[in-house]
Amino acid sequence: MRDTPDASRSALSMREVCMRFGKTYALDGCSFDVVPGSVTALVGRNGAGKSTLMSVAVGLLTPQSGSVSVLGRSPSQSGISPGLSYLAQHKPLYGKFTVAEMLRFGQRTNTQWDNAYANRLVTEADVPLAVKIRSLSPGQRARIAVALALGRRPDVVLLDEPLADLDPVARRSVAQTLMRDAAEYGTTVVLSSHILVELTDVADQLLLLDRGRIRLTGGLDELLEEHYLLTGPGDPQQVIGQGAIIESRDGTRTTIYLVHGPRPPHLGEWLLEQPAIDEIVLAHLAEQKEERA
C-alpha cells in the first residue's frame, strides 16, 4: 500500500475534492499529489473530468468540498496565481493579433516574463512573427500558446490536451521543450490527454482519472515494477500470492494475466513478462467498467 500523500512535498495536491454539476459528479473524492519538478500525464477517457480537475486547480472553478493546494497556497479566485500557468484545451489567443503582438501582450500582462525565451520557442516552431494568429494552422496556434504559457516562467504549468492539434514532428518538438523546461528550470508540468501514447515519451508520473475518480497514480517506473504479465495454464492464485489479477486474456492453450502486486519468487511452469504502460492503464479502466456493470 502506498504512503499517504504529503501536501507539503507537492507542487499540486488535492484532498477529497468533489465537483458536482447538478446531480453529476465531475470530480468525486479526488486525492493526489504532483511531485515538484515532474512531468505528470493526466490520462482518462473523454469526459473523465480532466478539464474540470485543471479548472479547479487554477481557481476557475470552486469545488463543493475538499481542499486544493498549488505551491502551498489555495488557488486564487481573482486570476491565475503567480508561479502558475494554465493552457486551456481551446488555446485562447486573439485572432486579430499578429504573433509578435501576441508575445507583446504576454510581456505586458505578466509581471514575470522571459521575452527572450518566449521568442526563442516561437522561432524554434518556425512561425513568422508578422502573421496574424487567425491565419495560423491549429498546430502553429498550439505552439504559440505553449510559448506564452512557458514565457511566464511558471513553477507549475497545466496544459489541457496540448498535443492534440500537432503533427508527429511538432508533437515531438513540444514534448522535448516541456522535458527540457522541467530538467533545466525545475518546472512542474501537468499535461492531459485521452491518448496515452502521446504522453508516454514525455511523462515520468501518471494520474489516471476515470469518472471523476483517481484510479491509478505514481511514477511510471514504479507502476511498471508493480505490474507483471503471467502466462500459463492452471490456477494463477497458486503463484501470485497477495497480487491482484487486473485482467485476463485467453490464448489458444494458455491464459495471460495482468497482475498488480509483488512479483512471485517461484514461477514453476509460468512465464513472467513486463507489460507496457498502456496495457496497465487500459486494463485498470476496463476493470472499473466491469465493476460498475
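The structure under discussion appears in the preceding block.
This one's a predicted model, so the numbers in the text were calculated from it and none came from an experiment.

It is worth spelling out the packing of helix α4 (residues 138-151) against helix α5 (residues 168-185) at this point. Packing of α4 against α5 leaves a shortest axis separation of 11 Å and a crossing angle of 5°. By the criterion of interaxial angle, the relationship of α4 to α5 is roughly parallel. Every residue of α5 that contacts α4 at Arg143, Val146 and Leu150 is listed here: Ala170, Ser173, Val174, Thr177, Leu178 and Asp181.

Glycine aside, residues mostly have negative phi angles, and peptide bonds mostly take the trans form. Unlike most non-glycine residues, leucine 71 shows phi in positive territory, near 55°. With respect to the secondary-structure elements, leucine 71 resides in the loop between β4 (65-70) and β5 (84-87). In the Ramachandran plot, arginine 153 falls in the positive-phi region, its phi being about 50° despite a non-glycine side chain. Note on placement: arginine 153 falls in the loop between α4 and β6 (156-160).

Summed over all chains, the structure comprises 5 aromatic pairs. Measuring from ring centre to ring centre gives 5.1 Å for tyrosine 94 and phenylalanine 97, while their planes differ by 35°; the resulting arrangement is tilted. Residue tyrosine 94 is classed as partly exposed on the basis of its relative accessible area of 45%. Both rings, one in tyrosine 257 and one in tryptophan 270, keep their centres 6.1 Å apart while their planes meet at 55°; by these two values the pair is tilted. Pair noted here: tyrosine 257 is in strand β12 (residues 255-260) and tryptophan 270 is in the loop between β12 and β13 (271-273), with a separation of 13 residues, a long-range link. The exposure class assigned to tyrosine 257 is buried, which follows from its relative accessible area of 12%. Of the residues examined, tryptophan 270 reaches a relative accessible area of 11% and is grouped as buried. One aromatic cluster is present, built from ring pairs that chain together Tyr94, Phe97 and Phe105. Sitting over the ring of tyrosine 117, arginine 153 keeps its end group 3.7 Å from the ring centre.

Taken together, the 4 strands give an open sheet; going across it, the order is β11-β12-β10-β13, and neighbouring strands pair in antiparallel fashion. The open sheet has two edge strands with one neighbour each: β11 (244-250) and β13. In this sheet, neighbouring strand axes are inclined to one another by 25° on average, regardless of whether the strands run parallel or antiparallel. Here 6 bridges tie strand β10 (residues 227-232) to β12, and the two strands are oriented antiparallel to one another. Looking at β12, one finds that threonine 231 is bridged to isoleucine 256.

In this section: the packing of helix α2 (residues 99-108) against helix α3 (residues 115-124). Where α2 meets α3, the closest approach of the two axes is 10 Å, and the angle between their N-to-C directions is 150°. Classed by the angle they form, the pair α2 and α3 counts as roughly antiparallel. Read as a crossing pair, α2 and α3 show a hand that is right-handed. Taking contact as the criterion, the partners of Val99, Leu103 and Gln107 in α2 are, on α3, Asn115, Ala118, Asn119 and Val122. Of the residues that constitute the contact of α2 with α3, the class distribution is 4 nonpolar, 3 polar and no charged.

Parameters and conventions
- Residues numbered from 1 in each chain as written.
- Predicted model: local features only at pLDDT ≥ 70, side-chain atom pairs only at ≥ 80, totals over all residues.
- Heavy atoms only, no water.
- Axes fitted to C-alpha atoms, helices over the stretch in contact; angles between N-to-C directions.
- Helix = DSSP H or I, 4+ residues; strand = E, 2+ residues; numbered from the N terminus.
- Parallel < 35°, antiparallel > 145°, perpendicular 65-115°, else oblique.
- Contact = heavy atoms within 4.5 Å.
- Phe/Tyr/Trp six-rings, centres within 6.5 Å; stacked < 30°, edge-to-face > 60°.
- Buried < 20%, exposed > 50% of the residue type's maximum accessible area, 1.4 Å probe, protein only.
- Lys NZ or Arg CZ within 6 Å of the ring centre and 35° of its normal.
- Pairing = 2+ DSSP bridges.
- Left-handed = near helix turned anticlockwise from the far one by under 90°.
- Nonpolar A, V, L, I, M, F, W, Y, C, P; charged D, E, K, R; others polar.

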